[in-house]
Each structure stands twice: as C-alpha cells, then as structure tokens.
Amino acid sequence: MELLLLVALALLGVYLYVENVWLRRKYPPGPRAWPIVGNLRDLARGQHRVFAEWQLKYGDIFTVWLGSRPAVVLNGQDAVKEALQKHGDIFSSRPGLFLWRRTIRTKGKGIVTAPYSPEWKETRKVALTWLNTFGAGKQSLEPTIVQEAQDLVQVFKDKHGQPFDPTVPLSIAVSNVICSVVFGRRFNHDNERFSRVMELVSRYIRLSASAQALNVYPILRYIPSVRRKMEGVVTCADENRSFVIEIIQEHSETFDPNNIRDVIDGFLLEEHRGNRILSELPEDNIINVIRNLFAAGTDTTATTLRWALLYLVKNPDVQRKVQDEIDVKLGKQTPSMLLREHLPYTEATIREVQRIRTIAPSSLPHETTAPATILGHQIPAGTFLVPNLWSLHMDPKYWPDPERFDPTRFLEADGQLAPRTESFLPFSTGPRRCLGEQLAKFELFIFFTSLLQQFTFKLPEGAPPPDTQGICGIVLSPRPFQICAIPRV
Ligand code: HEM
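The structure contained in this document is the topic of the report that follows.

Conventions used here
- Residues numbered from 1 in each chain as written.
- Predicted model: local features only at pLDDT ≥ 70, side-chain atom pairs only at ≥ 80, totals over all residues.
- Heavy atoms only, no water.
- Helix = DSSP H or I, 4+ residues; strand = E, 2+ residues; numbered from the N terminus.
- Buried < 20%, exposed > 50% of the residue type's maximum accessible area, 1.4 Å probe, protein only.
- Contact = heavy atoms within 4.5 Å.
- Lys, Arg positive; Asp, Glu negative; His and termini not counted.
- Charge placed at Lys NZ, Arg CZ, Asp CG, Glu CD.
- Salt bridge = Lys/Arg side-chain N within 4 Å of Asp/Glu carboxyl O.
- Core = buried A, V, L, I, M, F, W, Y, C linked by side-chain atoms within 4.5 Å.
- Pairing = 2+ DSSP bridges.
- Near = heavy atom within 4 Å.
- Polar contact = N/O pair within 3.5 Å; in protein donor to acceptor, adjacent residues only side chain to side chain.
- Nonpolar A, V, L, I, M, F, W, Y, C, P; charged D, E, K, R; others polar.

Some remarks on the overall build of the chain
Okay, so step 1: Within the chain, the secondary structure is distributed over 17 helices and ten strands.
Okay, so step 2: Expressed as a percentage of its 489 residues, the buried residues of the chain come to 53%.
Okay, so step 3: Within the chain, residue pairs in contact and separated by at least 24 positions form 75% of the contacts whose partners lie at least 6 positions apart.
Okay, so step 4: Averaging the positions of the 58 positive and the 52 negative side-chain charges in the chain gives two centres separated by 5 Å.

With respect to the pattern of salt bridges
Okay, so step 1: Within the structure shown, the criterion is met by 22 salt bridges.
Okay, so step 2: The salt bridge involving R227 is made with E231; its shortest N-O contact spans 3.2 Å. Here E231 and R227 lie together in helix 11 (residues 224–254), a separation of four residues that amounts to about one turn.
Okay, so step 3: The exposure class of R227 is partly exposed, given its relative accessible area of 30%.
Okay, so step 4: The salt bridge involving E437 is made with K441; its shortest N-O contact spans 2.8 Å. With a gap of four residues between them, E437 and K441 both fall in helix 17 (residues 437–454), about one helical turn apart.

Quick word on the nonpolar core
Okay, so step 1: Ranked by internal contacts, the top residues of the largest apolar core, which has 108 residues, are F183, I290, F294 and F457.
Okay, so step 2: The contacts of F457, once residues within four sequence positions are left out, are F156, L309, V313, Q319, L451, L452, I483, C484 and A485.
Okay, so step 3: Y27, L84, I379 and L389 belong to the second-largest nonpolar core, a separate cluster that totals 19 residues.

Details of unusual backbone geometry
Okay, so step 1: Residues other than glycine seldom take positive phi values, yet H160 does so here, at roughly 50°.
Okay, so step 2: Taking relative accessible area as the criterion, H160 reaches 63% and is therefore assigned exposed.
Okay, so step 3: Of note, D401 is a non-glycine position whose phi angle comes to about 45°, a positive value.
Okay, so step 4: In this fold, D401 is placed in the loop between helix 16 (389–393) and helix 17.

A look at the pairing of strand 1 (residues 61–66)
Okay, so step 1: Counting buried positions over the six residues of strand 1 gives six, a clear majority of the element.
Okay, so step 2: Side chains I61, T63 and W65 of strand 1 all project onto a buried face; the interleaved residues F62, V64 and L66 project onto the opposite face, where all are buried too.
Okay, so step 3: Two strands pair when backbone bridges link them, and strand 1 and strand 2 (residues 69–75) are joined in this way by six bridges, in the antiparallel orientation. The partner of F62 across the bridge, within strand 2, is V73.
Okay, so step 4: Hairpin connection from strand 1 to strand 2: two residues lie between these consecutive antiparallel strands, with G67 at a positive phi of about 65°.

Digging into the site of the ligand
Okay, so step 1: What surrounds the ligand is a group of 26 residues, the closest being R124, H366, S428, R432 and C434.
Okay, so step 2: H366 is positioned such that a nitrogen or oxygen atom in its side chain is 2.8 Å from an oxygen atom of the ligand.
Okay, so step 3: Here R432 contributes a side-chain N or O atom positioned 2.8 Å from an oxygen atom of the ligand.
Okay, so step 4: The element best represented in the shell around the ligand is helix 13 (residues 285–314), accounting for five residues.
Okay, so step 5: Along the lines of polarity and charge, the residues of the shell around the ligand split into 14 nonpolar, nine polar and three charged.

Printed below as a string of structure tokens:
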C-alpha cells in the first residue's frame with residue numbers, strides 16, 4: 001500500500017514537472033520561478049521596482065509566475081503601444097480575479113472589471129456620453145471644480161498653518177466633482193457619512209493591497225489572518241455599495257425622462273428607452289458602473305494631488321517657480337482651464353508629478369483574447385498581462401536621471417510646453433485607456449493652481465523628510481504625511 005502511494009506521488013511529481021516545463025515554453029522567458037509560489041516572493045519587494053531589474057535582464061517582454069499563473073509583463077513604450085494600441089482588439093480584456101468577484105457581488109460587471117465584449121463597449125460608450133453631457137472634462141464643469149477648490153482652500157485656511165494630513169479633505173474635494181456629475185449632488189466637508197465613505201475607499205485600497213495573495217491562491221481564505229483581511233476588504237466594498245445603491249434608488253423613485261439630472265439618470269433613461277445592449281445586461285449592472293466611476297474618479301486624482309504636495313515640500317525651488325508663474329500670469333484671478341497655456345511651468349510640474357510617481361504603475365491587469373506576437377514574442381490567448389507604465393516613466397532613454405524631480409523635462413527651450421511627449425502614458429492607452437482622463441486633467445490643474453495661489457506648503461518644524469517610495473496597492477500612494485499650509489498674503 002505504502003509503495004503504491006509512493007509511486008502515485010512520484011508520478012504526480014513527474015506529471016506536474018512536465019506540465020510546468022511544457023507550459024513555460026509557451027510564454028516569453030523570464031526570471032526563474034519557484035514551484036507553487038512562482039515569483040511571488042520577489043514581487044513582494046515592490047512589483048514595479050522588481051520589474052525594472054528584470055527588464056534589464058530579460059528585455060521588454062518577460063513572463064513572471066503569480067503562483068502557477070503566468071503573467072506577461074510589457075515594458076517600455078514600444079511593447080506597451082504595440083500591444084494596447086496596435087493590437088488593442090486582442091489586448092483589452094480583463095482577467096477574472098478572486099477579489100473582484102468577492103467584492104463586486106453583482107451579476108453586471110460594470111466597466112472596469114468587464115471582459116472585452118460588446119456589452120463592455122456599449123456600457124463604456126454610454127458612460128462617456130453622459131459624463132460628457134454633464135461636462136466632465138469640459139469648460140461647462142469648471143464652475144463646479146472652482147467651487148470645490150475654493151471650499152478646499154477654506155478647509156486648509158482653517159488649519160491656521162498647523163500640521164495636518166491632507167488626505168481626507170483632498171479626497172472629499174475631488175470626489176465632490178465626480179459626485180456632482182454622477183449623483184447630481186455634493187457633500188460638505190463636515191458630512192460624517194461622506195467622510196466615512198471616503199475613509200472606506202482608502203481603507204479598501206490599502207487592505208486589498210495586503211490581500212492580493214488571494215487572487216493567486218483563493219484557498220488562503222481559510223487561514224484566519226488572511227480571512228480577516230478579505231473580510232475587511234469585503235466589508236468596505238459592501239458599505240460603499242450600500243451608499244451607491246441608496247442614491248440609485250432615490251434616483252429611480254424621482255426619475256423623470258424629461259429632466260435628466262446626472263449620469264445615473266442618463267443610465268436610467270437608456271433602460272427606459274430600451275437600449276438594445278444595456279437592457280439585456282443584468283439589472284444590477286448600473287450599480288457597478290456607478291461604483292466604478294465613483295471610486296476611479298476619487299482616489300486617483302486625490303492621490304496625484306497628495307504626491308504633488310509631497311514633491312513640492314521636498315522641492316521648495318520648484319514650488320516657488322510655480323507660485324511666481326501663478327502670481328505673474330494669474331494674479332488674484334480665479335484659475336481657469338483657458339489660462340492653462342499661459343502657465344506652462346505649472347502644467348509641466350503636474351505632469352512631472354504624474355511621471356515620477358505613476359499612481360497606477362502596473363496600470364490595471366489586461367488579458368489577451370487571441371494569440372498574438374509582440375516584438376517577436378508569442379503570447380497565447382487568455383494570457384494575464386501587466387502593462388508596466390512605470391517602466392515608460394522611468395526609462396532613462398527619455399527621462400535622464402529619472403528619480404530627479406524636474407518639471408523642465410516637459411518644456412521646450414523657450415519655456416513653452418513640449419507639444420508631444422514620448423514614453424508618458426499615465427492614463428494608459430488603447431481601447432481601455434482611462435475614461436476620466438479629460439476630467440482628471442481639468443481637476444488636477446484647477447485644484448493644484450488654486451492651492452499654490454493661496455498657500456506655501458512646508459513640512460512641520462523638525463519633521464523628517466517624507467518618504468517618496470509610497471505604498472503600492474491598487475494605486476501607488478504616499479505614506480501618510482503631515483504638512484503646514486501657510487497662507488500667502
Ligand atoms: C489622475 C487621475 C487618473 C489616472 C492617473 C487614471 C489612470 C487610469 C489607468 C492607468 C487606467 C487603466 C487603463 C487600462 O486598463 O489600460 C484607468 C482606467 C479607468 N479610469 Fe482612470 N485615471 C484617473 C482618473 C479617473 C477619473 C477622474 C475617472 C472618472 C470618470 C476615471 C475612470 C476610469 C475608468 C472607468 C477606467 C476603466 C476603463 C475601462 O476598463 O474601460 N479615471 N485610469
């Protein structure tokens with residue numbers, strides 16, 4: 001009996017080895033992977049930084065093993081553009097992830113996690129149409145953003161130059177813009193429910209980073225410490241979903257097809273009109289769409305603004321140049337997108353922040369829908385893909401001494417903004433590129449300019465220099481830090 005067991009185990013071992021060797025030959029070569037854990041141990045050192053080391057060794061396209069799942073990493077602008085732009089129809093699906101399945105809880109997949117399909121295309125198109133209708137990324141939304149920026153300035157003024165963590169006020173201000181467009185309403189900075197929702201969004205992002213192992217080995221959920229993390233993620237997602245469901249219900253009860261108030265009404269109108277594709281999707285699809293817009297529209301822009309404040313306190317000379325430009329070109333005028341071209345150094349500083357600390361260093365995961373060849377590498381259908389945006393922004397060929405913070409990289413010799421920038425894709429590219437790019441650019445410019453027009457930012461007396469490595473989860477965020485906002489008189 002024992003002998004039989006030993007033979008069975010030996011056969012299983014041989015089978016697993018042969019399967020593994022055979023499987024590996026189908027993918028581009030990469031670092032040596034360990035049985036069961038693959039490359040997970042190395043990746044724990046910080047995915048985008050480890051990828052940078054491997055790119056030097058294995059080239060622009062290599063395979064890493066997330067446990068027993070192969071993931072092809074695309075590095076540098078040639079590989080990323082060839083895959084996501086040129087072969088966008090093949091490289092634009094999303095893999096199924098355990099944590100996504102656990103937290104979505106609706107049948108409808110919304111936009112962010114939906115596979116490449118006619119349903120995703122239509123949902124994305126309708127979302128974009130209604131976002132545009134309500135001014136996202138257009139001049140007509142400017143008064144809303146300006147008002148939020150002024151409220152934010154007041155919140156900062158109320159700190160009277162004392163140290164504070166800017167995370168929650170920034171998130172509320174930014175989120176109120178997407179709330180105005182999507183929910184048709186905003187929330188005061190002292191609204192407890194909304195502050196809690198903001199906290200939940202950032203806790204969700206933090207916890208899901210620490211629970212990533214579940215996407216590789218869902219079985220780990222039976223280990224109590226991992227289970228607690230998973231439950232934390234699910235609780236945050238559930239509370240946020242309830243918040244969104246309540247607002248959608250209020251909209252359904254007061255819906256009037258002749259008075260479309262916001263993006264939620266826009267989606268309800270599509271259903272009312274019997275949109276051929278949307279009406280075939282599960283009824284709860286709208287919940288996920290609205291959650292996607294709300295979450296994607298909040299944390300990304302707010303995190304970029306936090307990085308901006310952090311880099312300005314570390315680089316007071318850059319801060320002073322931005323303020324000088326604002327003083328000369330804008331004076332006491334309210335910031336406006338129409339003035340953006342007159343503030344090239346300010347705009348270049350925002351871009352430099354987006355380059356040096358790419359908030360989505362590995363973008364969102366993609367998946368191939370058919371076999372394809374990229375830069376001579378064959379990639380099978382159904383492959384998990386990591387578009388490594390960090391590698392574009394840290395490529396010394398385009399960005400010499402890439403860790404140096406230098407806004408002039410985006411300027412021409414005459415101080416004007418360079419019309420074209422190579423190796424710079426903070427919003428990704430191709431059919432899946434960020435849906436909120438125009439809105440985010442508007443928000444970043446108006447919030448950033450309003451804050452620098454009014455304050456000089458400093459570290460609290462005696463505080464150590466803030467960490468610039470950040471915490472890498474779904475987004476790369478700075479570690480919590482305190483600043484003083486000194487009013488400029
Ligand atoms: C600085 C701000 C932002 C950055 C850097 C950013 C970046 C990104 C990136 C890298 C992706 C992944 C694209 C891909 O998979 O190839 C993405 C997707 C997405 N973003 Fe943004 N984003 C920002 C702001 C926003 C805002 C304000 C919205 C609100 C409408 C938004 C909505 C979305 C949506 C819905 C997707 C999923 C698109 C899809 O799967 O089809 N983002 N974003």
